[in-house]
Amino acid sequence: MQLLLPELYLSERGMIDNNVDYKKLSPIIELIQDIYVHPALGTDLFNEIITQSVPPASSLTSDNKFLLDNHILKMMLAYVNVEAPLNFKFRFMNRGLVNLTDDKTQAIDDSNIRYFTESWTQKAQTYKDRMIKYIEANPSKYAAYFTNSTTDDLQPEKQAYKVDLYLPEIKPKESRF
């Protein structure tokens, strides 16, 4: 799959240190495209942008380039900060799932990782919400968002936030009669 988030963009704007191998981030970026970007854009617009962004002769339309540069990449960068911490903290090895540590660094505890990822999840959802609002405000520029061709396609999400709803159990009042 063509990755939309370039290594240079990630190293210049992201929180990932330059000593991290981009090859280790590639599966995370592909995951982000699959579970966050694709559903947000819908299949037709997602495939259009993927097809147009194939190097070396990228043929992105000016509208899709604007969407990619100003919305998609910012959202993806935030989601890298959500998905990467646990992927770098743990690794599957012959003896099972292990916690990676280094003598020269001190890993943060799980509660701080949770705080960090929750904070970045909110930022990523904000970028996603802005992107959806921008696309919906410009239907003539992004017709593929509104016209997915078949029922097999992912229909675009219309909102970025997914909130669990808690409904407490309400006990009926006792009758006096």
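Residues numbered from 1 in each chain as written. Predicted model: local features only at pLDDT ≥ 70, side-chain atom pairs only at ≥ 80, totals over all residues. Heavy atoms only, no water.

Asker: Lay out the overall build of the protein in plain terms, naming residues and giving numbers.
Answerer: Secondary structure assignment for the protein yields six helices and two strands. Going through the 177 residues of the protein one by one, you find that 38% of them count as buried. Of the contacts made within the protein by residues no fewer than 6 positions apart, 70% connect residues no fewer than 24 positions apart. Of the roughly 12100 Å² of accessible surface on the protein, 53% is carried by carbon and sulfur atoms. (Helix = DSSP H or I, 4+ residues; strand = E, 2+ residues; numbered from the N terminus. Buried < 20%, exposed > 50% of the residue type's maximum accessible area, 1.4 Å probe, protein only. Contact = heavy atoms within 4.5 Å. Areas by Shrake-Rupley, 256 points an atom, 1.4 Å probe, with all protein chains shown as cover.)

Asker: Go over the packing of aromatic side chains with me, naming the residues and quoting the values.
Answerer: Under the criterion given, the structure shown has five aromatic pairs. Pairing Tyr145 with Phe146 gives two aromatic rings, centres 5.0 Å apart and planes at 80°, and the pair type is edge-to-face. What makes Tyr145 buried here is its relative accessible area of 1%. An aromatic cluster is present here, built from Phe66, Tyr134 and Tyr142 joined pairwise through their rings. The positively charged end of Lys123 is found above the aromatic ring belonging to Trp120, 5.1 Å away from the centroid. (Phe/Tyr/Trp six-rings, centres within 6.5 Å; stacked < 30°, edge-to-face > 60°. Lys NZ or Arg CZ within 6 Å of the ring centre and 35° of its normal.)

Asker: Would you mind going over the pattern of salt bridges in detail, with residue names and values included?
Answerer: Taken as a whole and assessed by the stated rule, the structure comprises two salt bridges. Across the pair Lys65 and Asp69 runs a salt bridge, and its minimum N-O distance is 2.7 Å. In this pair, Lys65 and Asp69 are both assigned in helix α4 (residues 62-89), four residues apart and thus about one turn of the helix distant. Note on Asp69: relative accessible area 29%, which makes it partly exposed. (Salt bridge = Lys/Arg side-chain N within 4 Å of Asp/Glu carboxyl O.)

Asker: Outline the environment of Thr61, supporting the account with residue identities and numerical values.
Answerer: With respect to the secondary-structure elements, Thr61 resides in the loop between α3 (43-52) and α4. Thr61 sits 13 residues away from Glu48 along the chain, and the two C-alpha atoms are 9.8 Å apart. A polar contact is formed between the side chain of Thr61 and the backbone nitrogen of Asn64, at a distance of 3.1 Å. (Polar contact = N/O pair within 3.5 Å; in protein donor to acceptor, adjacent residues only side chain to side chain.)

Asker: Any details on the environment of Gln125? Residues and values, ideally.
Answerer: Relative to the helices and strands, Gln125 is located in helix α5 (residues 110-137). Gln125 sits 89 residues away from Tyr36 along the chain, and the two C-alpha atoms are 9.6 Å apart.

Asker: Give me the lowdown on the confidence of the model for the protein, citing residues and values where you can.
Answerer: For the protein, mean pLDDT is 82; residues scoring 70 or higher make up 76% of the total. When the elements of the protein are averaged for pLDDT, strand β2 (residues 96-99) gives the smallest value, 65, and α3 the largest, 93. (pLDDT = per-residue confidence, 0-100.)

Asker: Give a description of helix α2 (residues 22-41) that names residues and reports values.
Answerer: Here α2 spans only 25 Å end to end across 20 residues, well under the 28 Å set by a 1.5 Å rise per residue. In α2, a bend of some 35° at Gln33 exceeds every other bend along the element. Two residues or fewer past α2, Gly42 is found with a positive phi of approximately 80°. (Expected span 1.5 Å × (residues − 1). Bend = angle between axes of the 7 residues up to and from the residue.)

Asker: If you had to explain α5 to someone new, which residues and values would you point to?
Answerer: Look at α5: 40 Å from first C-alpha to last across 28 residues, which is about the 40 Å you get at 1.5 Å a residue. Tucked into the core, α5 has its buried residues touching α2, α3, α4 and α6 (143-146).

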